[in-house]
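Examining the three-dimensional arrangement
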Amino acid sequence: MKKKTSFILIYSLCHFIVDFGCTAFILGRLPYFVYTDNQFLIAMIIYNFFAFAFQVPLGYILDKFKVYKYISIIGLCLIGLCYLINFNAYLLAMVVGIGNALFHLEGGVNIYSVSEKKAFLNGLFVAPGALGIFLGTMFYGHTTLATFLIFLAICLLFFVQKQEVIMKEDLENKLDNSRVLLIVIFIGLSIIVRSILGIKVVYSWKNTFVLGLIYAISMVLGKALGGFLADRLGLLKVALGSFFLSAICLVLGYNIHMFAYIGILLFNMPMAITLTILENTLSKKIACAVGLNTMFLFIGFLIGFINITINNFILVGSVMFAMLAFFIAYKLYLKGEFSNEKN
């Protein structure tokens, strides 16, 4: 138990460091290698593509060759290297993105290997990333600190490579390929909506470090709490309940800060649930499942560039659509007769 706890803590802490380091690089180092705002925007899109969407082909390779060790260390070394060299902005953005992707793939797969196919540990692993991104945004000028933290993460990750990764295929999965595809599509739609709203819902009052920090901590707690409650109350109840209540709270949050904090906490609760459903559905292609989750986030990121104002009606309607997509995916998911799911 003690060994498992340290395993999870190391990956979670390193997730914070990776997201802090990558955000600090994009905002603090990358601008020195571009000449226009458009070049920076292109470099940022390149980074997000390789950090998120490119996880799918990388995950396919890892699954094919069953390579789930030392990948994260290679990823951290790539990120650290980019801090130390001067090079073309687009190539640097690509390399940092690939480094980020490699860490997330190994971490996602290895955490799943000890999760007993449940959602809580997925939430614990992913949650610190939100705090890393926020602090990286705030302290992107501290490149020496970022470089030190990346070196620390590399050292820590050597300790978890000793643990054997065993994928126990103890779930009775009776899903045919067409149902698997539909589950991926509908889960993907709910993730895309979450990604878009996460970008578009902006509170003008959230303009100080303290208010932003509380908001980021609310996101962290939501990601961790969602998996914890889902394992005890059921995936469907927690996902739909948190989606529904988040819509109300996010709307009220424009005028009352506390509702925004509660709303963003609730809004992030389905994260661990959707990731777990993807992983359980693609139980023989876990790295691909991890990559699909982030690919859908990237699609939402791209759609977020469209100049659309999210009013209360669109916000609530979008959340309702995400709920419907998740409900359809969940009903298809139950056809697989997963033995650890609460109805």
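Everything below is about the structure printed above this text.
Just so you know, these numbers come straight off a predicted model, no measurement behind them.

Quick look at the overall build of the protein chain now. A tally of helices and strands in the protein chain yields 15 helices and zero strands. With respect to the principal axes defined by its C-alpha atoms, the protein chain has extents near 55 × 50 × 35 Å. Expressed as a percentage of its 343 residues, the buried residues of the protein chain come to 55%. By sequence separation, contacts in the protein chain at least 24 residues apart represent 86% of the contacts at least 6 residues apart. Accessible area for the protein chain stands at about 15400 Å²; split by element, carbon and sulfur atoms hold 71% of it. Computed over 24 positive and 14 negative side-chain charges, the separation of the two mean positions in the protein chain equals 3 Å.

Turning our eyes to something else, we now look at the pattern of salt bridges. Between side chains of opposite charge, pairing is possible as soon as their charged atoms come close. Considering all chains together, one arrives at one salt bridge under this definition. Here Asp176 ties to Arg179 by a salt bridge, and the two come within 3.5 Å at their closest N and O atoms. On the basis of relative accessible area, Arg179 is assigned to the partly exposed category, the value being 30%.

When two helices pack together, their arrangement is captured by the angle between the axes and the distance separating the axes. The contact between helix H3 (residues 55–65) and helix H5 (residues 89–113) brings their axes to 10 Å, and the two run at 50°. One finds that H3 runs oblique with respect to H5. Regarding H3 and H5, the two cross each other, and that crossing is right-handed. Each of Gln55, Leu58, Gly59 and Leu62 in H3 lies in contact with H5, whose residues at this interface are Ala101, Leu102, His104 and Leu105.

Parameters and conventions
- Residues numbered from 1 in each chain as written.
- Predicted model: local features only at pLDDT ≥ 70, side-chain atom pairs only at ≥ 80, totals over all residues.
- Heavy atoms only, no water.
- Helix = DSSP H or I, 4+ residues; strand = E, 2+ residues; numbered from the N terminus.
- Buried < 20%, exposed > 50% of the residue type's maximum accessible area, 1.4 Å probe, protein only.
- Contact = heavy atoms within 4.5 Å.
- Areas by Shrake-Rupley, 256 points an atom, 1.4 Å probe, with all protein chains shown as cover.
- Lys, Arg positive; Asp, Glu negative; His and termini not counted.
- Charge placed at Lys NZ, Arg CZ, Asp CG, Glu CD.
- Salt bridge = Lys/Arg side-chain N within 4 Å of Asp/Glu carboxyl O.
- Axes fitted to C-alpha atoms, helices over the stretch in contact; angles between N-to-C directions.
- Parallel < 35°, antiparallel > 145°, perpendicular 65-115°, else oblique.
- Left-handed = near helix turned anticlockwise from the far one by under 90°.

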